[in-house]
Amino acid sequence: METTVTFHNGNTMPQVGLGVFRVQEGQEAVDAVKHAIISGYRSIDTAMIYKNEQSVGEGIRLGLEAAGIDRSELFVTSKIWLDDFGFDTAIQAYEASLERLGLDYLDLYLIHWPGTDTAKFIDTWKALEQLYNEGKVRNIGVSNFSVEHMEALLAQAAVKPAINQVEFHPYFDQKQLRDYLAGKQIVMESWSPLMNGEILTNEVISNIAEKHGKTPAQVVIRWNIENDVVVIPKSVTPARIEENLNVFDFQLSQEDLYEIEQLNEDRRIGPDPAEFTGA
Ligand SMILES: NC(=O)c1ccc[n+]([C@@H]2O[C@H](COP(=O)([O-])OP(=O)(O)OC[C@H]3O[C@@H](n4cnc5c(N)ncnc54)[C@H](OP(=O)(O)O)[C@@H]3O)[C@@H](O)[C@H]2O)c1
């Protein structure tokens, strides 16, 4: 049974969703999203910069119809890119994402990266707060925010972010940020949870998988769940889409968790949020 996390505002989010970064606009995105919904996924994570919102929207419509479920049962996330930072431009960017997706609200809208100009991300956050206060978006959050970015935001925010989506996998376990967010009742969500596949050949992960009769991907996804992290593995392969959600029939032992913890190398595969400007 799929589990959910609860935000500080009382709203919930499924703990496993489908990520669609690098999924091609067109049939690939339509098919992946539709297959995920039919397979039981209730959360889809896209972004303006992925340039696939239109096909993701089409996949959502077809998936909901085929699964016989209502839009309200699905949790849809998109994100604002750095080029759209600023109060008015952020409102316009949200509306443009809705239009491409063919939806009349999002469940979650995120600031994709903080950038290097604090005043600009604060302005952008104020726009997200307005969208939230007007009921146009159900939840608002951030992505790629370090403890320092969070402190700068919280100093000026009227609405606390529900979530922070960051790079997180066994080689980069974000312990300090995870503890900080837990202390503020802000949920953590992981991106590139499978390290784009790299972590799946790790021997420790493979041995744990074999012991449980599961796959390495399922072990890593389960490790996210047991750390209270929301996880959005990406796949366009139908069997893998199904496999990645089939993680609710086993648990990692304390020993498994300890062994995975030892793999941390503080090694990123993505950009450092302190420097990334999107250019
Ligand atoms: N906020 C941000 O800045 C940010 C940055 C990066 C990503 N994200 C989000 O996080 C999501 C996930 O991250 P990601 O796409 O970078 O990478 P990922 O989920 O770590 O890895 C995806 C790769 O793993 C393969 N894969 C998936 N399931 C598998 C399985 N069960 N067995 C073997 N291989 C498997 C996929 O192949 P196939 O597709 O060929 O099956 C794909 O090549 C993104 O799609 C996006 O929504 C956000």
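An unreviewed UniProt entry annotates the protein as Aldo/keto reductase of Macrococcus equipercicus. UniProt, in its Sequence similarities (unreviewed entry) section for the protein, records the words "Belongs to the aldo/keto reductase family."

Q: Quick rundown of the packing of helix H7 (residues 203-212) against helix H8 (residues 216-226)? Include the residues and the values.
A: The interhelical angle for the contact between H7 and H8, taken along N-to-C directions, is 95°, at an axis separation of 8 Å. With respect to their mutual orientation, H7 and H8 come out roughly perpendicular. In this structure, H7 uses Ile205, Ser206, Ile208 and Ala209 to contact H8, whose residues at the interface are Pro216, Val219 and Val220. Class assignment of the residues belonging to the contact of H7 with H8 gives a composition of 6 nonpolar, 1 polar and no charged.

Q: Outline the nonpolar core, supporting the account with residue identities and numerical values.
A: Leu18, Ile60 and Leu106 are the most contacted members of the largest nonpolar core, which totals 81 residues. Once residues within four sequence positions are removed from consideration, Ile60 is found in contact with Val33, Ile37, Leu74, Val76 and Leu103. Grouped together as the second largest cluster of nonpolar side chains are 10 residues, Val5, Phe7, Ile163 and Val187 included.

Q: I'd like a description of the site of the ligand, backed by residues and values.
A: In the region of the ligand, 29 residues are neighbours, and Asp45, Ser192, Lys234, Ser235 and Thr237 sit closest. Here an oxygen atom of the ligand sits 3.4 Å away from a polar atom, N or O, in the side chain of His112. The contact in question runs from an oxygen atom of the ligand to an N or O atom on the backbone of Leu194, over 2.8 Å. In the complex, the protein chains occlude 88% of the 900 Å² of accessible area that the ligand would expose alone. Ranked by residue count, the leading element in the shell around the ligand is helix H9 (residues 238-245), at 3 residues. Of the residues assigned to the shell around the ligand, the class counts are 13 nonpolar, 11 polar and 5 charged.

Cut-off values and rules
- Residues numbered from 1 in each chain as written.
- Predicted model: local features only at pLDDT ≥ 70, side-chain atom pairs only at ≥ 80, totals over all residues.
- Heavy atoms only, no water.
- UniProt positions renumbered as here; feature names shortened; annotations may be inferred.
- Axes fitted to C-alpha atoms, helices over the stretch in contact; angles between N-to-C directions.
- Helix = DSSP H or I, 4+ residues; strand = E, 2+ residues; numbered from the N terminus.
- Parallel < 35°, antiparallel > 145°, perpendicular 65-115°, else oblique.
- Contact = heavy atoms within 4.5 Å.
- Nonpolar A, V, L, I, M, F, W, Y, C, P; charged D, E, K, R; others polar.
- Core = buried A, V, L, I, M, F, W, Y, C linked by side-chain atoms within 4.5 Å.
- Buried < 20%, exposed > 50% of the residue type's maximum accessible area, 1.4 Å probe, protein only.
- Near = heavy atom within 4 Å.
- Polar contact = N/O pair within 3.5 Å; in protein donor to acceptor, adjacent residues only side chain to side chain.
- Areas by Shrake-Rupley, 256 points an atom, 1.4 Å probe, with all protein chains shown as cover.

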